[in-house]
Every structure is written in structure tokens, then in C-alpha cells.
Amino acid sequence: MALPLYDSQPARRVPWVTYLLIAVNVVVFLLTPMSNFAAWYGKGSVRECRATQFTFEYGAVPKELTTGDQQPLPAGVVHDCGPSKFRKAPWTAAFTSMFLHSSAMHLLGNLVFLFVVGMGVEDRLGRWRYLLAYLVFGLVAVYGFAWTSPDSTVPLIGASGAIAGVMGAYVILNPRGRVVSWVPPVIFIRLPVWVVLGYWFVLQWLSLGDQKSNVAYTAHIYGFVAGVVFALLARRAGPAHRLAALSRG
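These figures come from a predicted structure and were not determined experimentally.

### Focus: a nonpolar patch on the surface
Side chains of Val 27, Leu 30, Leu 31, Phe 37 and Trp 40 sit close together on the surface and give an oily, nonpolar patch of about 510 Å² of accessible area. With respect to the helices and strands, Leu 31 occurs in the loop between helix 1 (16–30) and helix 2 (44–58). The exposure class assigned to Leu 31 is partly exposed, which follows from its relative accessible area of 44%.

Below, the structure is given as C-alpha cells:
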């Protein structure tokens, strides 16, 4: 599989929002019990329990999102780690879940894609519209996943749904773009963006039936489609905005 490294088309402005999102995700990860950096959470089984409880507290649990009520911790978690000691508003977890990651590799995989496509989308949408779109993509992915699996009590965490939306927007806003990719072990190649991201989307779709995987492929699809729709609307509105600006001038 080709690993995207960077967009070969330079941005016209410094992508501060993309850099900020990357920084926030890294800092949040370092401060959670899923990171080895946060030694204050303890070691061994104590740390594992803190990580599990933290994930349930700040992760997006589908059944909580569809019912609006906090669900009790699974019996196995209570047996191993003790009862729940937190209160949460499920809708807030839809936001916080977008900035949590289960491991350094989970974080790195997401941020590589955000770095590659985020700069180009931010360049074309503008900083504030891009930031708003990113959050909307993430919410669509989270609630779409919850709607598809309404009885699930497994927390959903990760920025991949929001980043999938940025990927979908990138395909529409920069259809002729090329992405420099690494094909293991030593090949570097420039590939059309629709090949790289289209292949990624097909993989998500084909993986939907994988019951053994803990990857939320459904959330990725919802996020990607949300990005495509948003970009189509933004591109269609673009000429109207420019015409209005000219008439005012």
C-alpha cells in the first residue's frame, strides 16, 4: 500500500489551523493515560484501568449518543477496575473523542493523512471555514457511526472521522493534485490524489464486514462523504461569492 507523504502542490498561505490541529492532538495524547509520557497515571494494571475508564469518560459511546443517557461501565470493566466515578454529557464526548487516540501509532497514522491533505483544503477554504468543516466532519462521522450501531457500548475515539472528511473535501477541491507517496520498501512516486484517496475509500468500504477489526470503518465513510458534499457546496458557492465581491467593488 502506498503511504502518502506530502502534497506536491505548495499552499499559498501558512496552514496554521492544520498545524494547530496536529499540535492539539499530540499534546492531548501526551496528557492521557494512553501515553507513556503521562507517568502520573501509574503503571501496569493501574494504568490500563485508568486508560479504559478515561476512554469511556471522554470517548463517544454510540448507545449514549442515541439515547442521550450515560451508560454504566461494562461488567468486566467494573470487575477489573472498579465502578464508574465520573459523570458525562454524551454530546460533549462527540467532540472530545475526536482528539483522543489509543496509541502513538494510532495518532501518527491519523496525523500523517491530516498533514498531507489538510494544508491544501485549508488553503482553498480559508482558516475559519476549514476549522468549522473539520469539526462538522468529525461530528458527522461520530453520529453516523452511532446511528449505524445504536446499541454499541464500545467507545469510539480518534481523529480519523474528521480527517476522512478533509480527505473527501481534498478530492473535490483539488482533483488534479498529486500526492508524493512511499511504496515500501524504497519506491517514492507521485500519484494522482484520486488514486491515493480513492483507493483508501474503497478499502474502508470493503472492510465494513470485518468483525474482528476495532477500526470504525463506518465512521470513516460517513466523514469522507460529508467532506465530498461540503466541498461540492463550497465550490458551487465560490463563483457566487466572487461575483458579489466584484459587484460591490
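### Points about the side chain of Asn 25
Positionally, Asn 25 belongs in helix 1. In this view, Asn 25 contacts Met 98, Phe 99, His 101, Leu 107, Leu 111, Tyr 134 and Ala 159; residues no more than four positions away in its chain are not counted.

### Considering the state of the cysteines
As enumerated under the stated definition, the model contains 1 disulfide in all. Cys 49 shares a disulfide with Cys 81; S-S distance 2.2 Å. For the disulfide bridge between Cys 49 and Cys 81, the dihedral angle about the S-S bond is near -75°, and by the sign convention the bridge is left-handed. With Cys 49 in helix 2 and Cys 81 in helix 4 (residues 75–81), the pair connects residues that are 32 residues apart, well separated along the chain.

### Overview of the UniProt feature "transmembrane region" (unreviewed entry) in the protein
The UniProt feature table records "transmembrane region" (unreviewed entry) at residues 16–34, 98–118, 130–148, 154–173, 180–203 and 215–234. As annotated, residues 98–118 has a helix share of 71% and a strand share of 0%, and its two end C-alpha atoms lie 16 Å apart. In this annotation, residues 154–173 is assigned 70% helix and 0% strand; the end-to-end C-alpha distance for the span is 35 Å.

### Brief notes about the packing of aromatic side chains
Any pair of aromatic rings gets described here by the distance separating the centres and the angle formed by the planes. Inspection of the entire model under this criterion finds 9 aromatic pairs. Taking the centre distance of 6.4 Å and the plane angle of 85° together, the rings of Phe 37 and Trp 40 count as edge-to-face. Accessibility expressed as a relative area gives 53% for Phe 37, which makes it exposed. Ring geometry for Phe 54 against Tyr 58: centres 4.7 Å apart, planes inclined by 45°, an arrangement best described as tilted. Taken as a pair, Phe 54 and Tyr 58 lie in helix 2 at a separation of 4 residues, close to a single helical turn.

### Observations regarding the pattern of salt bridges
A full pass over the atoms with the stated rule returns 4 salt bridges. Between Arg 13 and Asp 123 there is a salt bridge; the shortest N-O distance is 3.6 Å. Here Arg 13 is found in the loop between strand 1 (3–7) and helix 1, whereas its partner Asp 123 is found in helix 6 (residues 104–125), with 110 residues between them in sequence. Residue classification places Arg 13 among the partly exposed positions, given a relative accessible area of 36%. For Lys 88, the salt bridge is made with Glu 64, and the minimal N-O distance between the two is 2.9 Å. Taken as a pair, Lys 88 in the loop between helix 4 and helix 5 (90–96) and Glu 64 in helix 3 (residues 62–67) lie far apart in primary sequence, 24 residues in all. This pair shows no difference in class: Lys 88 is buried, exactly as Glu 64 is.

Thresholds applied
- Residues numbered from 1 in each chain as written.
- Predicted model: local features only at pLDDT ≥ 70, side-chain atom pairs only at ≥ 80, totals over all residues.
- Heavy atoms only, no water.
- Patch = residues over 30% accessible without salt bridge, like charges linked within 9 Å, V, L, I, M, F, W, Y side chains within 5 Å.
- Areas by Shrake-Rupley, 256 points an atom, 1.4 Å probe, with all protein chains shown as cover.
- Salt bridge = Lys/Arg side-chain N within 4 Å of Asp/Glu carboxyl O.
- Helix = DSSP H or I, 4+ residues; strand = E, 2+ residues; numbered from the N terminus.
- Buried < 20%, exposed > 50% of the residue type's maximum accessible area, 1.4 Å probe, protein only.
- Contact = heavy atoms within 4.5 Å.
- Disulfide = S-S within 2.5 Å.
- UniProt positions renumbered as here; feature names shortened; annotations may be inferred.
- Phe/Tyr/Trp six-rings, centres within 6.5 Å; stacked < 30°, edge-to-face > 60°.

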